[in-house]
Amino acid sequence: MTSQEIQNRFITIISCSRLIKVQCGDVSHAQLLFDKSTKKTLFMYGAMMKGYIKNNSAKKAIDLFKEVKNPNEVMVNLVFNACAQLATEKELNLLKSISSMIPNSFYSNHYVLTSLIDAFIKCGDVKSAKSLFDKSTKKTLPMYGALMTGLTINDREEEAIAIFNEIHLNELHRENHNEKQINLLFEKKTDCFEANITIYLCLIKALAKLGILEQAQSFVQQIPSSVLADHRIQNSLIHMWGKVGSVDEAKRIFENISQLDHIGWTAMINSYGLNGMGIEAVKLFHQMPKELMNDLTYVCVLNACSHAGLVDVARSIFNNIQKKTEIIYTTMIDCLSRRAAFEEAQQLIEQFERDHAPALTIYSLYSLDVFIIHKVLAGDIEKATDIKIELHKSGCKKQIGVTVTDIDGKLWKFRAHDRSHAESAEIHEQVDRMSKRIIEHGHKYDASWIVRPMQPDETIETLLCGHSERLAMAAHFIRNRKPKRIQMTKNLRICGDCHEVTKLVALIYQCEIVVRDTNRMHHFNMNGQCSCQDYF
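Keep in mind that this is a model prediction, so the values were computed, not measured.

*Asks:* Looking at this structure, how should I read the side chain of Thr 266?
*Replies:* By secondary structure assignment, the location of Thr 266 is in helix H16 (residues 262–274). Residue contacts for Thr 266: discarding those within four places in its chain leaves Met 288, Leu 296, Thr 297 and Cys 300.

*Asks:* Would you take a moment to explain the packing of helix H14 (residues 231–243) against helix H15 (residues 247–256) for this structure?
*Replies:* When two helices pack together, their arrangement is captured by the angle between the axes and the distance separating the axes. One way to put it is that H14 packs onto H15 with a least axis distance of 7 Å and a crossing angle of 160 degrees. With respect to H15, the element H14 is oriented roughly antiparallel. Where H14 crosses over H15, the two elements pack in a sense that is left-handed. Taking contact as the criterion, the partners of Gln 234, Leu 237, Ile 238, Trp 241 and Gly 242 in H14 are, on H15, Val 247, Glu 249, Ala 250, Ile 253 and Phe 254. Grouping the amino acids of the contact of H14 with H15 by side-chain chemistry returns seven nonpolar, two polar and one charged.

*Asks:* For this particular structure, what's the right way to read empty space enclosed by the protein?
*Replies:* Any empty space left between the atoms is revealed when a probe the size of a water molecule rolls over them. For the structure on display, the rule yields one cavity of 30 Å³ or more. If you add up the space inside the largest cavity, you get close to 40 Å³. Considering the residues around the largest cavity, the lining is formed by Val 431, Met 434, Ser 435, Ile 438, Tyr 445, Cys 465, Arg 470 and Val 501. The element that contributes the greatest number of residues to the lining of the largest cavity is helix H24 (residues 424–440), accounting for four residues.

*Asks:* I keep staring at the sheet that holds strand S2 (residues 410–415) and nothing clicks. Help me out?
*Replies:* Two orientations exist for strands paired in a sheet by backbone hydrogen bonds: parallel and antiparallel. What the five strands build is an open sheet, ordered S2-S1-S3-S4-S5; its pairing is mixed. Of all strands in the sheet, those with a lone pairing partner are S2 and strand S5 (521–524), marking the two edges. Direction aside, the axes of adjacent strands within the sheet are offset by 20 degrees on average. Sheet analysis places strand S3 (residues 485–490) next to strand S4 (residues 512–516), joined by five bridges and oriented parallel. Paired with Arg 485 across the bridge in S4 is Glu 512.

*Asks:* So what exactly am I meant to see when it comes to the packing of aromatic side chains here?
*Replies:* Any pair of aromatic rings gets described here by the distance separating the centres and the angle formed by the planes. Taken as a whole and judged by the stated rule, the model has nine aromatic pairs. With centroids separated by 5.7 Å and ring planes inclined at 55 degrees, the aromatic side chains of Phe 164 and Tyr 200 adopt a geometry described as tilted. Of this pair, Phe 164 sits in helix H10 (residues 157–169) while Tyr 200 is found in helix H11 (residues 191–210), placing the two residues 36 residues apart along the sequence. The class for Tyr 200 is buried, based on a relative accessible area of 2%. When the centroid spacing of 4.4 Å and the interplanar angle of 35 degrees are considered together, the rings of Phe 477 and Tyr 509 count as tilted.

*Asks:* Any chance you could explain the pattern of salt bridges here in plain terms?
*Replies:* Evaluated as defined, the whole model comprises 18 salt bridges. Salt-bridge contacts for Lys 503 lead to Asp 534; the nearest nitrogen and oxygen are separated by 3.2 Å. Linking Lys 503 in helix H27 (residues 496–508) with Asp 534 in the segment after S5, this pair joins segments that are 31 residues apart in sequence. With a relative accessible area of 10%, Lys 503 lands in the buried category.

*Asks:* It is not clear to me how the state of the cysteines should be interpreted in this structure. Could you clarify?
*Replies:* When the sulfur atoms of two cysteines share a covalent bond, that bond is a disulfide. Going through the model one piece at a time under the given rule, you end up with zero disulfides. As a non-bridged cysteine, Cys 335 has Cys 305 as the owner of its nearest cysteine sulfur, 6.2 Å distant. Among the residues examined, Cys 335 registers a relative accessible area of 1% and is labelled buried.

Parameters at a glance
- Residues numbered from 1 in each chain as written.
- Predicted model: local features only at pLDDT ≥ 70, side-chain atom pairs only at ≥ 80, totals over all residues.
- Heavy atoms only, no water.
- Helix = DSSP H or I, 4+ residues; strand = E, 2+ residues; numbered from the N terminus.
- Contact = heavy atoms within 4.5 Å.
- Axes fitted to C-alpha atoms, helices over the stretch in contact; angles between N-to-C directions.
- Parallel < 35°, antiparallel > 145°, perpendicular 65-115°, else oblique.
- Left-handed = near helix turned anticlockwise from the far one by under 90°.
- Nonpolar A, V, L, I, M, F, W, Y, C, P; charged D, E, K, R; others polar.
- 1 Å grid on protein atoms, 1.4 Å probe; cavity = no way out; pocket = protein on both sides within 12 Å on 5 of 7 lines; lining within 4 Å.
- Points joined across faces, edges and corners; volume = space filled by probe spheres on them.
- Pairing = 2+ DSSP bridges.
- Phe/Tyr/Trp six-rings, centres within 6.5 Å; stacked < 30°, edge-to-face > 60°.
- Buried < 20%, exposed > 50% of the residue type's maximum accessible area, 1.4 Å probe, protein only.
- Salt bridge = Lys/Arg side-chain N within 4 Å of Asp/Glu carboxyl O.
- Disulfide = S-S within 2.5 Å.

So, in structure tokens, the structure goes:
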């Protein structure tokens, strides 16, 4: 090696070491060094790309990637991460283009493959992510975690749970360990232990979103004690138990955490609020150290007040929040609307829009949706109809309602007027029997909850009796004539007529019914009352 070559190598090493500064936030200085370099190496490109990504400048990282003719695996991995950070359709197209051109050998690098799966998911292409995962012959824990997270985010939590079950069916990583391994999820506190924590967090999130107590209990029993002792797992479990309606379990974990952080406090406040225990939520909020409070904490306690009718308490908390964000305003508007304080709620909407935007915002569209529900509850059907028209003009689409329930260990899924099940005829017959019994107990079907034009062959009764949660209830009664407990999760807010019907069904059939809708838990007791006290 000549003296000139040695000097060039030395300059390259120094430049690369200085480029590392970009990862600490010194982007401009690092970019200046990079631009001045006459002999840029792939390592230098990689260091600069990584710095851009860490400093939320993913577009610059992508632009830099495009300058290189033959990128290595590290650069490909980084550009996938950059695409995941931006996550638009443009980046999705770029992902497809790059992934189709890279050498096949790159796909044997699990870092590259995991980043590509994660990027596809974040860009909204779960199908491509799942296809990559399925084709892989050497699956790693990060790959499982990336796919489980993506499936859960995209309302496919049942598939995420099924992916977790595959981990137990495969003896992975055997090539890296000589000792016998029965299960991939062993307990040693190593890098693999950290990967295991990630997997269990993904599982717990999926179970929380599914919202079925029996499923949660079954899987939590399988979690090793060393994992259960981790504070991240404990925080996640508090949230999960609240979402499946087991506040006692959430409280037990909360009270046994040695060092509580803002996540644990907020998760417990939220668990109380979801389950109609507003007073307990407010009490815990006042016990929480103020330095740990954040936007999410305020939202959770305001929600708790909203679901318990504690408007004065909510107003006091709201007025004492120094920096009110969009979501905090929205939560307070919901609270006021539930108590039919529409004028005050409207004033808050106008105040927010006056301070933040001159035109109708996404925030206010959400608030209008809140208004629709509560105007109906207050009997102002005409005003609710006007707001529905305004929402329709804005281009908002109605989400399809789906109810999930566990019957004999198997998950059943229903849509409105669903006839896809083998037992559909029997289920609809049971719905008719239930309808007759609740009418005998004085129920009158409420047409104000019908949100679409009726067809000539439909009646108010047949339209409302076809709601997904009623089909799910009926399925339980045909399977077990006298069930003691029914639990369901619905992806939309339960309508007022279904709420009244479920109270009567719980009373008539002497069966506890738990329904989690998009807002909260409803515990329908056998005395015909709901834990929400009709603040839903």
